[in-house]
Amino acid sequence: MSEVMNNNPGESALVGAGVLIEQLLKGEFICRTTNEDGWRALKNAASRERVETYLNQINRTVASAAEGDVFFCGYLQLGEAERKVISSQFKDICQALIPLVEWLVLVQEASGQDAPLTEGAAVRLTELQTRIEDTPAFREQLAKLSQYRLFGSTSSNVDAQIKLVFKRLLELGYLTRPNLEKQIYIATGKLDYLYEVIRFIDETEGLSLEAQAETATQRDLL
């Protein structure tokens, strides 16, 4: 697959098509923060067309979110098998929405930001933890959301709770940590994709996800 992009010398600095296709097929979200070379390749019409041509052969396509700044792999045509896969993926996202929304609200409020995290925004864990520890309401919010199945914390300690939450968000691809020696995390384009899913659900189902997060009952923690 790596030879797909080698016809144009001007693209030699970009990630090889084979690697990029493998990342897409694994379900990764390609954005400037997580993979700038791959992101530039997909922003380039000729490069993207070559990747698209290969994916089309296996009933896949390059899909995008956040006004074309986040790329992921979708199905070209939907049959029964494909619909089952999409339904399962969508169900997983929906089950994670309340804890993710609660986490986003906590970070926004504790950081004093006017808007929620978007791709490329930095979260300094040490600073965030200090603000949470100094504010009883924030400690309660963290304790509650860290117990959701998505995170699964059983600790009553703020340090253990917040580190587990961030570790899980790294694993899920919502955050990246460029320098392992620093407690600085960067939001990825998967968050922007999540916002589009939330808007879609709100518009089609008439739901208020933030209100749901605020009124979540104890059984939601199970």
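As shown above, the structure is provided for reference.
Predicted, not measured: the structure shown is a model, and the values here were computed from it. (Residues numbered from 1 in each chain as written. Predicted model: local features only at pLDDT ≥ 70, side-chain atom pairs only at ≥ 80, totals over all residues. Heavy atoms only, no water.)

### Brief notes about the nonpolar core
Core analysis: the largest hydrophobic core is formed by 45 residues, its most contacted members being W103, L117, I132, F166 and L194. Elements represented by at least two residues in this core include exactly β1 (60-65), β2 (70-75), α4 (80-111), α5 (125-133), α6 (136-146), α7 (158-172), β5 (184-187) and α8 (189-205). Setting aside residues up to four positions removed in sequence, I132 forms contacts with L106, A110, F138, R139, L142, V158 and I162. In this structure, L24, L42, V51 and V62 belong to the second largest nonpolar core, which totals eleven residues. (Core = buried A, V, L, I, M, F, W, Y, C linked by side-chain atoms within 4.5 Å. Buried < 20%, exposed > 50% of the residue type's maximum accessible area, 1.4 Å probe, protein only. Helix = DSSP H or I, 4+ residues; strand = E, 2+ residues; numbered from the N terminus. Contact = heavy atoms within 4.5 Å.)

### Points about the packing of aromatic side chains
To describe a pair of aromatic rings, one takes the distance between the centres and the angle between the planes. Per the counting criterion, the structure on display carries five aromatic pairs. With 5.3 Å between their ring centres and 35 degrees between their planes, F29 and F72 make a pair best called tilted. Of this pair, F29 sits in the loop between α1 (17-25) and α2 (36-43) while F72 is found in strand β2, placing the two residues 43 residues apart along the sequence. Each of the two residues, F29 as well as F72, counts as buried. Ring geometry for W103 versus F166: centroids 5.8 Å apart, planes at 75 degrees, classification edge-to-face. In this pair, W103 is assigned in helix α4 and F166 in helix α7, connecting sequence segments 63 residues apart. With relative accessibility at 2%, the residue W103 sits in the buried group. Here the aromatic cluster, defined as three or more aromatic residues joined through ring pairs, consists of F29, F72 and Y193. For K190, the ring lying beneath its charged end belongs to Y174, and the centroid distance is 4.9 Å. (Phe/Tyr/Trp six-rings, centres within 6.5 Å; stacked < 30°, edge-to-face > 60°. Lys NZ or Arg CZ within 6 Å of the ring centre and 35° of its normal.)

### Re the pairing of β1
Inspection of the sheet shows β1 paired to β2 by six bridges, in the antiparallel sense. Residue pairing for β2: R60 is matched across the bridge by Y75. (Pairing = 2+ DSSP bridges.)

### Brief notes about unusual backbone geometry
Its identity as a non-glycine residue notwithstanding, A66 has a phi of 55 degrees, on the positive side. Structurally, A66 is set in the loop between β1 and β2. Judged by relative accessible area, A66 falls into the buried class, the value being 19%. Although it is not a glycine, E67 adopts a positive phi angle of roughly 55 degrees. Take E67: it is sitting in the loop between β1 and β2. Using a relative accessible area of 81% as the deciding quantity, one classes E67 as exposed.

Remember, this is a structural readout, not a statement about activity or role.
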